[in-house]
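Structure at a glance
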Amino acid sequence: MIRPFEDEKVKAVYDGFPPDIREMTLTLRDLIFSVAWDTPQVGRVEETLKWGQPSYLTPDTKAGSTLRIGMAKQGGAALFAHCATGIISTYASTFPDTDLIEGNRAVIFTSADKIVPMRLRLLIYHGLTYHLKERQR
């Protein structure tokens, strides 16, 4: 399901991506909203821009850590998480040698067929519920 954009500035960033990158980034965007929808404790997800990139926050519940979507420096699309969290490293250790990982900050996709929703849903869930887990400790 394609979710309409509420913020024209965010839409403009997606519209500005080259077609292959746009396809990948829109797939990532849809996954974020899908996981949020399936996880009621996340609450509303706000789509905004941070550092010029589409960013996804949980402002009402503060359940999650910010996830960002953008172009990778070396080409392709990227799903970024805050580098001070274990979101990317946990994902990388759960699925070793399956995705291109950039340190503890991003998963890089060089083509749309590299985006495996069933795997990425776990990463996104971890990001959107990151602070809930921290509060339980």
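Now for a look at the structure at hand. What you see is a predicted model, and the numbers here were worked out from it, not measured in a lab.

**Thoughts on the pattern of salt bridges**
Here the structure, examined in full by the defined rule, presents seven salt bridges. In this structure, Arg-44 engages Asp-60 in a salt bridge whose closest nitrogen and oxygen atoms are separated by 3.0 Å. Taken together, the residues Arg-44 in the loop between α2 (19-38) and β1 (46-50) and Asp-60 in the loop between β2 (53-57) and β3 (67-71) connect sequence positions 16 residues apart. Judged by relative accessible area, Arg-44 falls into the partly exposed class, the value being 44%.

**Some words on the environment of Gly-127**
Mapped onto the secondary structure, Gly-127 falls in helix α4 (residues 117-128). With a relative accessible area of 0%, Gly-127 lands in the buried category. As a C-alpha pair, Gly-127 and Thr-85 span 42 residues in sequence and 9.0 Å in three-dimensional space. The residues touching Gly-127, leaving out its near neighbours within four places in the chain, are Gly-64, Ser-65, Leu-67 and Ile-87.

**A closer look at the sheet that holds β3**
Strand order in the open sheet formed by six strands is β1-β2-β3-β4-β6-β5, and the pairing between neighbours is antiparallel. Only two strands of the sheet have a single partner each, and these edge strands are β1 and β5 (100-102). Averaged over all neighbouring strand pairs, the angle between strand axes comes to 25 degrees, with direction disregarded. Pairing between strand β4 (residues 77-81) and strand β6 (residues 106-109): four bridges, direction antiparallel. Counted as the bridge partner of Phe-80 is Ala-106 from β6. Contacts from α2 reach β1, β2, β3, β4 and β6 within the one sheet, and its direction differs from that of β3 by about 170 degrees. The strands touched by α4 are β3, β4 and β6; relative to β3, the strand with the most contacts, the crossing angle is about 130 degrees.

**Describing the layout of surface pockets**
Estimated volume of the second largest pocket: approximately 160 Å³. In terms of lining, the second largest pocket is formed by Leu-57, Thr-58, Pro-59, Lys-62, Gly-64, Ser-65, Thr-66, Thr-85, Tyr-130 and His-131. When grouped by side-chain class, the residues that make up the lining of the second largest pocket number three nonpolar, six polar and one charged.

**Describing the packing of aromatic side chains**
Counted by the stated rule, this structure contains four aromatic pairs. Centre to centre, the rings of Phe-33 and Tyr-56 are 5.7 Å apart; their planes meet at 90 degrees, and the pair counts as edge-to-face. Taken as a pair, Phe-33 in helix α2 and Tyr-56 in strand β2 lie far apart in primary sequence, 23 residues in all. As far as the burial class goes, Phe-33 and Tyr-56 line up, both buried. Pairing Tyr-91 with Phe-95 gives two aromatic rings, centres 5.4 Å apart and planes at 55 degrees, and the pair type is tilted. Across from the ring centre of Phe-5, 3.8 Å away, lies the NZ or CZ of Arg-29, which sits over that ring.

What counts and how
- Residues numbered from 1 in each chain as written.
- Predicted model: local features only at pLDDT ≥ 70, side-chain atom pairs only at ≥ 80, totals over all residues.
- Heavy atoms only, no water.
- Salt bridge = Lys/Arg side-chain N within 4 Å of Asp/Glu carboxyl O.
- Helix = DSSP H or I, 4+ residues; strand = E, 2+ residues; numbered from the N terminus.
- Buried < 20%, exposed > 50% of the residue type's maximum accessible area, 1.4 Å probe, protein only.
- Contact = heavy atoms within 4.5 Å.
- Pairing = 2+ DSSP bridges.
- Axes fitted to C-alpha atoms, helices over the stretch in contact; angles between N-to-C directions.
- 1 Å grid on protein atoms, 1.4 Å probe; cavity = no way out; pocket = protein on both sides within 12 Å on 5 of 7 lines; lining within 4 Å.
- Points joined across faces, edges and corners; volume = space filled by probe spheres on them.
- Nonpolar A, V, L, I, M, F, W, Y, C, P; charged D, E, K, R; others polar.
- Phe/Tyr/Trp six-rings, centres within 6.5 Å; stacked < 30°, edge-to-face > 60°.
- Lys NZ or Arg CZ within 6 Å of the ring centre and 35° of its normal.

By themselves, these observations are geometric and do not establish any function.
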